[in-house]
Each structure stands twice: as structure tokens, then as C-alpha cells.
Amino acid sequence: QKEVEQDPGPLSVPEGAIVSLNCTYSNSAFQYFMWYRQYSRKGPELLMYTYSSGNKEDGRFTAQVDKSSKYISLFIRDSQPSDSATYLCAMTSSNTGKLIFGQGTTLQVKP
Amino acid sequence: AAGVIQSPRHLIKEKRETATLKCYPIPRHDTVYWYQQGPGQDPQFLISFYEKMQSDKGSIPDRFSAQQFSDYHSELNMSSLELGDSALYFCASSSDSDTQYFGPGTRLTVL
């Protein structure tokens, strides 16, 4: 079993929908949680970076971390076709440690 | 803002040849990471360097070696290339006060 589990999708939603992406993990040492967006054949682009439990909002994106449940989420409001990409959750136990990724969820937002 | 630079962007090699991938981190980032991403896979950690010293090692084959130089750029050397080495290779950089930012990747094809 992988340390970080993420539903690979694909997930297809209409434009304007609220999207919910989730990851679960098993290692209680993880303290730093990130969401990256990756377009086909491009490098992962950092979307959200959260330390420990709590919520963080940036524009249309909200990240939530629940360490007690070992569960993290990314919400995208008012989704746009340009949001169509693969979303990777990643986590690490220290700020300068290696990242452990989920499998990535492929999202398609239809106009 | 300056980003991580990787070169070359594309590389085609024959089996048993060698390859050298280069990474130039974001200015003032002192830690460099290398990841390998196979088709449809999530990035897998290979190796990292902090202040020119190896800081962590993942599932990196013995045929691969890497180093970080005095100007903080890093090189990943790959020898006796195999077909299975065909992948996207990403470099990421970070500092104590910042998380990992990824470069655009090098696409290696071994024929």
C-alpha cells in the first residue's frame, strides 16, 4: 500500500462547478502538505502549501488538512476549462525533505 | 520571478550510452532535489543535496550519480542507460523558508 493514496479519476465536471480533490496518508510524521497542478508533459506547479492542520485559501482554491484523520483536500470554486490538468497531492515530514506524492487526479472541466 | 531551469529539455540516447542532466535552482535556494516520473506515474524521489552535500537518497539506481556544485547547480549523471530509464526527470529547489518548486523537466528517451 502506498503511503499516500489519491483517486486517479478521471474527474469530469461542467464549468463553474465546485471540485473536491482528496488524499489520504498513513505516515503520521507528515507535517507539510502541498497541492501541485501538472499540465501534460510539464513540470508540477505549486498551488497550495500548508503546514500542519487547518485551512488555507488562495483565490478560487482552498486547501484543508485534517491530521487526526490523515486526510487532505483541495477545493476549486467556479472551475474553469483552464483548470483541466492533473492535480497531485504531496507531503513531507520536514520543510526540506523529499516529497511523497499521490497518484494524481486527472480533472477535466467542460465548457 | 526566476524559476528552476533544466537542460536539456529533451534528450534521446541509445541503450548503454550515458546522459547528463543539469539543474539551476531558484536564486538563494540551497537545496536541490531530483525526481523521476514515468508515463502515467507520480514523481518518484531520486536524490537531494543541501549546501553541496547529499542530504537524502531514494530509489536511485547505482548507475546514476549526482552532485551539487559551488554555484548550487546540480547535475544528474546516468550511465549504461536502459529502456526503462525513459522518463521525465524533474529538478526542484527549496530553501529553509520555502517549499519545493519544480523545473520544466527533461524528457529522456532511450532507444
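Let me begin by describing the structure that accompanies this report. This one's a predicted model, so the numbers in the text were calculated from it and none came from an experiment.

## A short note on the overall build of chain B
So, point 1. Across its full length, chain B carries zero helices and 11 strands.
So, point 2. Counting helices and strands in the order they occur from the N terminus, chain B gives β-β-β-β-β-β-β-β-β-β-β.
So, point 3. The C-alpha atoms of chain B give a radius of gyration of 13 Å, which matches the 13 Å a tight globule of 111 residues would have.
So, point 4. Considering only C-alpha atoms, chain B reaches an extent of 40 × 25 × 20 Å along its principal axes.
So, point 5. A total of 111 residues make up chain B; the buried ones form 46% of that total.
So, point 6. Within chain B, counting contacts between residues at least 6 apart in sequence, those at least 24 apart form 52% of the total.
So, point 7. Mean positive and mean negative side-chain charge positions of chain B (10 and 13 charges, respectively) differ by 7 Å.

## Description of the packing of aromatic side chains
So, point 1. Inspection of every chain in the model, using the stated rule, returns 12 aromatic pairs over all chains.
So, point 2. The interplanar angle of 70 degrees and the centroid separation of 6.0 Å between the aromatic rings of F101(A) and F102(B) together place this pair among those described as edge-to-face. Linking F101(A) in strand β10 (residues 100-101) with F102(B) in strand β10 (residues 98-102), this pair reaches from one chain into another. For the pair F101(A) and F102(B), a shared accessibility class is recorded, and that class is buried.
So, point 3. These aromatic residues form a ring-pair network of at least three members: Y36(A), F101(A), Y33(B), Y35(B), F45(B), F90(B) and F102(B).

## Concerning the state of the cysteines
So, point 1. Counted according to the given criterion, the structure contains two disulfides over all chains.
So, point 2. There is a disulfide in this structure between C23(A) and C89(A), and the S-S distance comes to 2.0 Å. Here the S-S torsion is close to -105 degrees, and the disulfide linking C23(A) with C89(A) is therefore left-handed. Of the two residues, C23(A) is situated in strand β3 (residues 19-25) and C89(A) in strand β9 (residues 85-92); the sequence distance between them amounts to 66 residues. Residues C23(A) and C89(A) agree in their burial class; the two are buried.
So, point 3. There is a disulfide in this structure between C23(B) and C91(B), and the S-S distance comes to 1.7 Å.

## Regarding the pattern of salt bridges
So, point 1. In this structure the tally under the stated criterion is eight salt bridges over all chains.
So, point 2. The partner of R37(A) in a salt bridge is D83(A), and the shortest N-O contact between them spans 4.0 Å. Here R37(A) is found in strand β4 (residues 32-38), whereas its partner D83(A) is found in the loop between β8 (71-76) and β9, with 46 residues between them in sequence. Per residue, the accessibility class of R37(A) equals that of D83(A), and both read buried.
So, point 3. A salt bridge links K22(B) to E75(B); the shortest N-O distance between them is 4.0 Å. Remark: E75(B) occurs in strand β8 (residues 74-78) and K22(B) occurs in strand β3 (residues 19-24); sequence separation between them is 53 residues.
So, point 4. E75(B) sits in the buried class, given a relative accessible area of 14%.

## Overview of the interface of chain A and chain B
So, point 1. Listed by partner, the interface residues are 19 residues for chain A and 23 residues for chain B.
So, point 2. With both chains or domains summed, chain A and chain B bury close to 1,600 Å², and 53% of this area falls on carbon and sulfur atoms.
So, point 3. Linking chain A with chain B are one salt bridge.
So, point 4. A salt bridge links K2(A) to D42(B), with the shortest nitrogen-to-oxygen separation between them at 3.5 Å.
So, point 5. The tally of links between chain A and chain B comes to four residue pairs in polar contact (both at pLDDT 80 or more).

## Re the sheet that holds β3(B)
All names here are of chain B.
So, point 1. Taken in spatial order, the four strands of this open sheet run β1-β3-β8-β7, and their pairing is antiparallel. This sheet does not close on itself; its edge strands, each paired only once, are β1 (5-7) and β7 (64-68). Within the sheet, the average angular offset between the axes of one strand and its neighbour, ignoring direction, is 15 degrees.
So, point 2. Relative to β8, β7 runs antiparallel, the two sharing five bridges.

## Things to note about the pairing of strand β7 (residues 61-66) of chain A
Residue and element names in this part refer to chain A.
So, point 1. Looking at chain direction, strand β6 (residues 54-58) and β7 are connected through five bridges and run antiparallel. Directly across from G54, in β7, lies its bridge partner V65.
So, point 2. Hairpin connection between β6 and β7: a loop of two residues separates the two successive antiparallel strands, and G59 in this loop has a positive phi of roughly 65 degrees.
So, point 3. Bridge count for β7 against β8 is six bridges, and the pairing is antiparallel. From the neighbouring strand, V65 faces β8, where its bridge partner is I72.
So, point 4. Turn length for the β7-β8 hairpin, with the two strands adjacent in sequence and antiparallel, is four residues, and the turn residue K70 shows positive phi of about 55 degrees.

Criteria and cut-off values
- Residues numbered from 1 in each chain as written.
- Chains lettered and ligands numbered in written order.
- Predicted model: local features only at pLDDT ≥ 70, side-chain atom pairs only at ≥ 80, totals over all residues.
- Heavy atoms only, no water.
- Helix = DSSP H or I, 4+ residues; strand = E, 2+ residues; numbered from the N terminus.
- Rg over C-alpha atoms; globule rule 2.2 N^0.38 Å.
- Buried < 20%, exposed > 50% of the residue type's maximum accessible area, 1.4 Å probe, protein only.
- Contact = heavy atoms within 4.5 Å.
- Lys, Arg positive; Asp, Glu negative; His and termini not counted.
- Charge placed at Lys NZ, Arg CZ, Asp CG, Glu CD.
- Phe/Tyr/Trp six-rings, centres within 6.5 Å; stacked < 30°, edge-to-face > 60°.
- Disulfide = S-S within 2.5 Å.
- Salt bridge = Lys/Arg side-chain N within 4 Å of Asp/Glu carboxyl O.
- Buried area = accessible area lost by both parts, 1.4 Å probe.
- Polar contact = N/O pair within 3.5 Å; in protein donor to acceptor, adjacent residues only side chain to side chain.
- Pairing = 2+ DSSP bridges.
- Axes fitted to C-alpha atoms, helices over the stretch in contact; angles between N-to-C directions.

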